[in-house]
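Structural features, examined
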Amino acid sequence: MALGPGVTAEATHWLYDRGVRVMGIDAWGWDAPLWMQAEEAKRRSEPGIFWAAHQAGLAYSQIERLFNLGELPPTGFTVACFPLKVVGGSAGPTRAVAILDG
Amino acid sequence: MPRLVDLSAPIRQDPAELPEQLRTDIAYTDHAGGARDIETLTGVTPDLLRDGEGWTVETFTNFGTHSSTHVDAPWHYNSTIDGRRAQSIDELPLDWFYRPGVVLDMTAKATRSPPPRSRPSWSGSATSCGRSTSCWCGPAATPSTTSPATWRSGRV
């Protein structure tokens, strides 16, 4: 929750432009830790800093709080991460699982 | 059978010092409690149950949709995106969530400046997860047109 590089809005656009619609991170949130964003947003007193990647204006999904990414190869796996079907929901908990090829 | 890797966080009772908005609280009903519930609901007494035990049940007394490993929907970010109402989680296509993946290892960017005084005390608590350095990305729209291997070289 306290540390992590976070993903920028630019990087989120970069992934989206390559067809990625589901992104995930093994940190508490997709953007940098909240306290880091808050400090920067208040210091510069302008919008577009706090929650910049979340509010990049893209219709994509992101998974937060993934575990065990270090056990995965760079490629060669399928991810099953079906979210619970919460009507009108902003998110759904998931039992995310990687299925390794071969 | 292919090898499976669990990418999910355990869901468990959080420490009391976490703010309520961030905390998971779970009430566990044990076999004796389940037996009481069965008697209340049906009139069946414990002596009619195997070993006198009823069912166990867990109730999330404080558990949000974002409290554990979860998938965010566009609706979470904003009410409209591209001039249209943003989709909620139940409206997204299922095939988004069963796709080839690629890992982008951001270990080199894992550390940033040390926490300032403004960092809240709860921000270092136990709900953080694994290495906090990697992001997994699943191609959804056009997986065949872009080689996943090329994504690793991208700067994130």
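Residues numbered from 1 in each chain as written. Chains lettered and ligands numbered in written order. Predicted model: local features only at pLDDT ≥ 70, side-chain atom pairs only at ≥ 80, totals over all residues.

**Thoughts on the overall build of chain B**
When helices and strands are tallied, chain B shows 3 helices and 8 strands. From first element to last, N terminus to C terminus, chain B shows the α and β order β-β-α-β-β-α-β-β-β-β-α. Across the 156 residues in chain B, those meeting the buried criterion constitute 24%. At a minimum sequence separation of 6, the contacts of chain B that also span at least 24 residues come to 58%. (Helix = DSSP H or I, 4+ residues; strand = E, 2+ residues; numbered from the N terminus. Buried ≥ 20, exposed ≤ 12 C-beta atoms within 10 Å, placed from the backbone. Contact = placed C-beta atoms within 7 Å.)

**Focus on the overall build of chain A**
Counting its regular elements, chain A contains 2 helices and 5 strands. Scanning chain A from its N terminus toward the C terminus, one meets helices and strands in the order α-β-α-β-β-β-β. If one aligns the C-alpha atoms of chain A with their principal axes, the spans along those axes are about 50 × 35 × 25 Å. Residues classed as buried in chain A amount to 50% of the 102 residues present. Taking contacts inside chain A between residues at least 6 apart in sequence as the whole, the part at least 24 apart equals 59%.

**Here's the deal with the nonpolar core**
Counting 37 residues, the largest nonpolar core has Val 22, Ile 63, Leu 66, Cys 81 and Ala 96 of chain A together with Val 71 of chain B as the members making the most contacts within it. Counting only elements with at least two residues in this core, the list comes to α1 (9-17), β1 (20-25) and β3 (77-80) of chain A together with β7 (98-105) of chain B. The element that contributes the greatest number of residues to this core is β1 of chain A, accounting for 4 residues. (Core = buried A, V, L, I, M, F, W, Y, C linked by C-beta atoms within 7 Å.)

**Some points on the environment of Ser 68 of chain B**
Following the sequence through the fold, Ser 68 of chain B ends up in the loop between β3 (57-62) and β4 (70-72). Along the primary structure Ser 68 of chain B and Pro 10 of chain B are separated by 58 residues, whereas in three dimensions their C-alpha atoms are 7.6 Å apart. Here Ser 68 of chain B is in contact with Arg 65 and Pro 93 of chain A together with Ala 9 and Ile 11 of chain B, once residues within four sequence places are set aside.

**A short note on unusual backbone geometry**
Although it is not a glycine, Asn 68 of chain A sits at a positive phi angle of roughly 65°. Mapped onto the secondary structure, Asn 68 of chain A falls in the loop between β2 (61-64) and β3. With a phi angle near 60°, Asp 82 of chain B is a residue other than glycine that sits in the positive phi range. If you trace the backbone, Asp 82 of chain B turns up in the loop between β5 (80-81) and β6 (84-85).

**Focus: helix α1 (residues 31-42) of chain B**
For α1 of chain B, spanning 12 residues, the distance from its first C-alpha to its last is 16 Å, which sits close to the expected 16 Å at 1.5 Å a residue. Following α1 of chain B by one or two positions, Gly 43 of chain B adopts a phi angle in the positive range, close to 85°. (Expected span 1.5 Å × (residues − 1).)

**Some words on the pairing of β2 of chain A**
Residues and elements named next belong to chain A. Burial along β2 is two-sided: Ser 61 and Ile 63 facing one way and Gln 62 and Glu 64 facing the other are all buried. Examined bridge by bridge, β1 and β2 share 3 bridges and lie parallel to one another. Within β2, the residue paired with Met 23 across the bridge is Gln 62. At this point the chain moves from β1, through helix α2 (residues 34-44), to the parallel β2, and the crossover so formed is right-handed. (Pairing = 2+ DSSP bridges. Right-handed = clockwise from strand over helix to strand, strands pointing away.)

**Notes on the confidence of the model for chain B**
The predicted coordinates ought not to be read in detail in places where the model reports low pLDDT. Residues and elements named next belong to chain B. Looking at chain B as a whole, its pLDDT mean stands at 80, while 70% of the residues score no less than 70. Scored below 50 in pLDDT, residues 122-133 shows 46 contacts in the model against residues more than four places distant or in partner chains. Within the model, pLDDT remains below 50 along residues 139-156, and this stretch shows 38 contacts once partners closer than five positions in the same chain are excluded. Confidence metrics for the complex model read pTM 0.83 and ipTM 0.94. (pLDDT = per-residue confidence, 0-100.)

**A word on the environment of Ala 32 of chain A**
Residues and elements named next belong to chain A. Mapping Ala 32 onto the fold places it in the loop between β1 and α2. Taking the number of C-beta atoms within 10 Å as the measure of exposure, Ala 32 has 24 and is therefore buried. Between the alpha carbons of Ala 32 and Ala 98 there is a distance of 25 Å; along the sequence they are 66 residues apart. Residues in contact with Ala 32, not counting those within four places in the same chain, are Gly 4, Pro 5, Gly 6 and Gln 37.

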